[in-house]
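Chain by chain, the residues run as shown.
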Amino acid sequence: MSQSELLHQDQYRRQRADEWVHQQAQGLGVGRRRFLQLLAAGTGFAAIPSTRFASAEEAKPIVKPANEQFFVKSGSNLEMKWEAMYHRGYIVPNELFFVRNNSKSVPMIDPKTWELKIHGSGVAKPLALSYDELLSLPSVSVIRALECAGNGRNFFEVTHGKKIEGTPWSLGGIGVAEWTGVPLREVLDRAGVKQSAKDVMPVGLDEKQIKRPMPIEKALADDTLLVYAMNGDPLLPDHGAPVRMLLPGWVGIANVKWVGEIEVSEQALYSDYNTKKYVLTGPDYKPAPPANGPALTTQKVKSAFELAWDGELPVGKFLLRGRSWSGEGTIEKVDVSVDGGKTFHPARLREPNIDKAWVRWDIDWDVQPGENKLQARATDSAGNTQPMKIPLNEQGYAYWSVVTHTIRGV
Ligand SMILES: Nc1nc2c(c(=O)[nH]1)N[C@H]1C(S)=C(S)[C@@H](COP(=O)(O)O)O[C@H]1N2
Ligand SMILES: [Mo]
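Cut-off values and rules
Residues numbered from 1 in each chain as written. Chains lettered and ligands numbered in written order. Predicted model: local features only at pLDDT ≥ 70, side-chain atom pairs only at ≥ 80, totals over all residues. Heavy atoms only, no water. Helix = DSSP H or I, 4+ residues; strand = E, 2+ residues; numbered from the N terminus. Rg over C-alpha atoms; globule rule 2.2 N^0.38 Å. Buried < 20%, exposed > 50% of the residue type's maximum accessible area, 1.4 Å probe, protein only. Contact = heavy atoms within 4.5 Å. Areas by Shrake-Rupley, 256 points an atom, 1.4 Å probe, with all protein chains shown as cover. Core = buried A, V, L, I, M, F, W, Y, C linked by side-chain atoms within 4.5 Å. Domains from an automatic or database assignment. Pairing = 2+ DSSP bridges. Axes fitted to C-alpha atoms, helices over the stretch in contact; angles between N-to-C directions. Near = heavy atom within 4 Å. Polar contact = N/O pair within 3.5 Å; in protein donor to acceptor, adjacent residues only side chain to side chain. Nonpolar A, V, L, I, M, F, W, Y, C, P; charged D, E, K, R; others polar.

Describing the overall build of the protein
Inference 1: Each helix and strand in the protein was counted, giving 8 helices and 22 strands.
Inference 2: The C-alpha atoms of the protein give 22 Å as radius of gyration, which agrees with the globular expectation for 410 residues (22 Å, within 12%).
Inference 3: Here the C-alpha coordinates of the protein stretch approximately 70 × 45 × 40 Å along the principal axes.
Inference 4: By the burial criterion, 52% of the 410 residues in the protein qualify as buried.
Inference 5: At a minimum sequence separation of 6, the contacts of the protein that also span at least 24 residues come to 72%.
Inference 6: With the model as given, the accessible surface of the protein reaches about 17,600 Å², and the carbon-plus-sulfur share is 51%.

Re the nonpolar core
Inference 1: By size, the foremost hydrophobic cluster in this structure holds 59 residues, and its most contacted members are W82, W179, V336 and W358.
Inference 2: Counting residues per element, this core draws most heavily on strand β20 (residues 358–367), at 6 residues.
Inference 3: If you count residues domain by domain, this core takes at least three from each of domain 2 (50–275) and domain 3 (302–409).
Inference 4: Discounting residues that sit within four places of it in the chain, W82 has contacts with L171, G172, I174, A304, F305, E306, L307, R323, W325 and W358.
Inference 5: Counting 45 residues, the second-largest nonpolar core is a separate cluster that includes V123, M214, Y228 and Y278.

Describing the sheet that holds strand β14 (residues 302–305)
Inference 1: Here we have 4 strands laid out as an open sheet, ordered β14-β16-β20-β19, and antiparallel in their pairing. Looking at strand neighbours, the two that pair on one side only are β14 and β19 (348–353), the edges of this open sheet. On average, each strand axis in the sheet is tilted by 25° relative to the strand beside it, whichever way the strands run.

Notes on the environment of D272
Inference 1: Among the structural elements, D272 can be located in helix α8 (residues 272–275).
Inference 2: When its relative accessible area of 33% is taken as the criterion, D272 is described as partly exposed.
Inference 3: Separated by 60 residues in the primary sequence, D272 and R212 place their C-alpha atoms 7.9 Å from one another.

A look at the site of ligand 1
Inference 1: Around ligand 1 lies a shell of 21 residues, among which F98, D206, H239, R244 and K257 are the nearest.
Inference 2: Note that an oxygen atom of ligand 1 is positioned 2.7 Å from one of the side-chain N or O atoms of R244.
Inference 3: K257 places a side-chain nitrogen or oxygen 2.5 Å from an oxygen atom of ligand 1.
Inference 4: For ligand 1, the protein covers 100% of the area, taking 530 Å² as the surface of the free molecule.
Inference 5: By residue class, the composition of the shell around ligand 1 is 10 nonpolar, 6 polar and 5 charged.

Here's the deal with the environment of Q24
Inference 1: Structurally, Q24 can be placed in helix α2 (residues 9–26).
Inference 2: Among the residues examined, Q24 registers a relative accessible area of 28% and is labelled partly exposed.

Examining the environment of L135
Inference 1: Topologically, L135 is positioned in helix α4 (residues 131–135).
Inference 2: Look at L135 and you get partly exposed, because its relative accessible area is 33%.
Inference 3: As a C-alpha pair, L135 and G340 span 205 residues in sequence and 51 Å in three-dimensional space.

As structure tokens, then:
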């Protein structure tokens, strides 16, 4: 299978699933049960010294100011308020970039003692890099989106009448930033990555040690980065300081923050985050052993208006603005309805329209008295168009159907 094919999520899933079945059939001397136990125990990873965690005193679920103008707060998460983007440019500034923390507190890591270990059967020369050593390697800056797999989860309640557990995102679990860092490939090359290397798994230094694998093809992509700066500033603690992963186009969870080690293996790798969580489960999805369902990788095409939910606007002329994005490429076309989906009109796309980031668009609108039902439907360069309805999945991921946004004209 060629490299570019393995960059596509369905190919990756299918190939790994086939291999899994094959391995089982061969009976490698490790029973399925025992294998799952080993997975659960996270065998193969050195224990992370507890000194890396914030002490109880300084442990905070979020470190940066949770300004109410910019965010909806829920536990250790901050959702970006879309209306705050109406007056802004292409990039989401760090002060209003969404935060999603699975662990209860943000680890405060001193770059002076931080180390990145690269190890596993897939590298000939395991190595450890200090922060200064990482910064001395060639780096690039790319503009890309980062989006939570659960973004839009709230709308399953609207369309399927089912409230789903998990962070209650409307559509603000996304941001676009300029990320600066070292291509993971540069580091893997220095570790003597083998031809036979198959999967790569970064591990976070937070309490839950979030880890999620990727195929070597994704690890070697030009824009898969070890990021140390965001929008021109050193990474903030909330966003993974001193160093995080960036896997453009892939679900947020794959972009491991506070990365401390990377396993490179000649074997397929699994974690809870691609077997139990961040997989599609429910009547419309089949288990994909060893995962409970197809693992999410590439993000879908979606759209949002730069307006408050249940907002009000004065009746009359208004420049309606929004943004559309896709993990599979750029946006080709956006159609907007201001009459609840009866008629759609093409929106004007505004430059830039960057791969795996988003495009800003606008359309002239005459706000009517009372309820106005807005809808936006985007098509990406891979030919995907937002559907009117999608099947439910139990954990509420990948909500990409058209959302109705109601605004009262007053
Ligand atoms: N180590 C670690 N990495 C992590 C997480 C985490 O909780 N721990 N959250 C993930 C999830 S679910 C998302 S959506 C993104 C959010 O990145 P942000 O908080 O910088 O916006 O980080 C991902 N990386
Ligand atoms: Mo996420």
